[in-house]
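Okay, here's what each chain looks like letter by letter:
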Amino acid sequence: YIYKQLQDFKQGARADPIMSPQARSLSDQDMRDLAAYYAAQTTSLGTAGEELSQLGKRIYHGGIAERGIPACMACHGPAGQGNAPAAFPKLSYQHAPYVASELRTFRAGKRDNDPAGMMRDSIARMTDEEIEAVARYVSGLHRAQKAALER
């Protein structure tokens, strides 16, 4: 996933005022090395507060069928671990402001490097409140997973 995103920044398929110039100077091997480095890192716990958003949980695990919004876990997995072969990123441990920002960017059509427009289609009908709820939920998903394992 990281390798693909770096390629997209370099080729202009994804734009960011900080990342795009950084990626332009990277060779293909540099991008592979960076992706391998970050994939090998140990993830540190973030927090989403003690109360996980029930709305975010409902959308993440079940979607909103009446509005055609699919469950996030269908692609990103029940624990938010992503699906590397399909290039679906890990969401668990992500910072809520980053997730919300990226979801809004997809919804606005400013980011279009998702396979077959899957994210843009999935997020198009979500409200700001729903985006915030999902972002808060996924940032604390590791806590819910840990609690379930301890039961």
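No experiment lies behind these values; they were computed from the predicted model shown.

A. Fine view of the overall build of the chain. Check the secondary structure of the chain and you find 9 helices and 0 strands. When the helices and strands of the chain are listed from N to C terminus, the series reads α-α-α-α-α-α-α-α-α. Per-residue burial over the chain gives 34% buried out of 151 residues. Restricting the contact set of the chain to residue pairs at least 6 apart, pairs at least 24 apart contribute 58%. In the form shown here, the chain has an accessible surface area of approximately 9,000 Å², with 54% of it arising from carbon and sulfur atoms.

B. Examining the pattern of salt bridges more closely. Inspection of every chain in the model, using the stated rule, returns 9 salt bridges. The shortest N-O distance in the salt bridge between Asp28 and Arg32 comes to 3.0 Å. Of this pair, Asp28 and Arg32 both sit in helix 3 (residues 28-39), 4 residues apart, which is roughly one turn of that helix. Using a relative accessible area of 43% as the deciding quantity, one classes Arg32 as partly exposed. For Asp114, the salt bridge goes to Arg120, with nearest N and O atoms at 2.8 Å. Overlapping salt bridges, with partners in common, bring together Arg104, Arg107, Asp128 and Glu132 in one network.

About the cut-offs
Each chain carries its own residue numbering, running from 1 in the written order of its sequence. Totals for whole chains, interfaces and linings use all residues, but because this is a predicted model, local features are given only for residues with pLDDT of at least 70 and pairs of side-chain atoms are given and counted only at 80 or more. Computation of side-chain values covers all heavy atoms of the structure but excludes hydrogens and water. Each helix is a run of H or I in the DSSP string that is no shorter than four residues. Each strand is a run of E no shorter than two, and both are numbered from the N terminus. Summary of the burial criterion: residues with accessible area below 20% of their type's maximum are buried, those above 50% are exposed, and those between are partly exposed, where the area comes from a 1.4 Å probe applied to protein chains only. The contact criterion used is simple: two residues touch if any of their non-hydrogen atoms lie within 4.5 Å. Each accessible area value is a Shrake-Rupley result obtained with a 1.4 Å probe; residue values ignore everything except the protein chains displayed when judging cover. Salt-bridge detection follows one rule: a side-chain nitrogen of Lys or Arg within 4 Å of a carboxyl oxygen of Asp or Glu.

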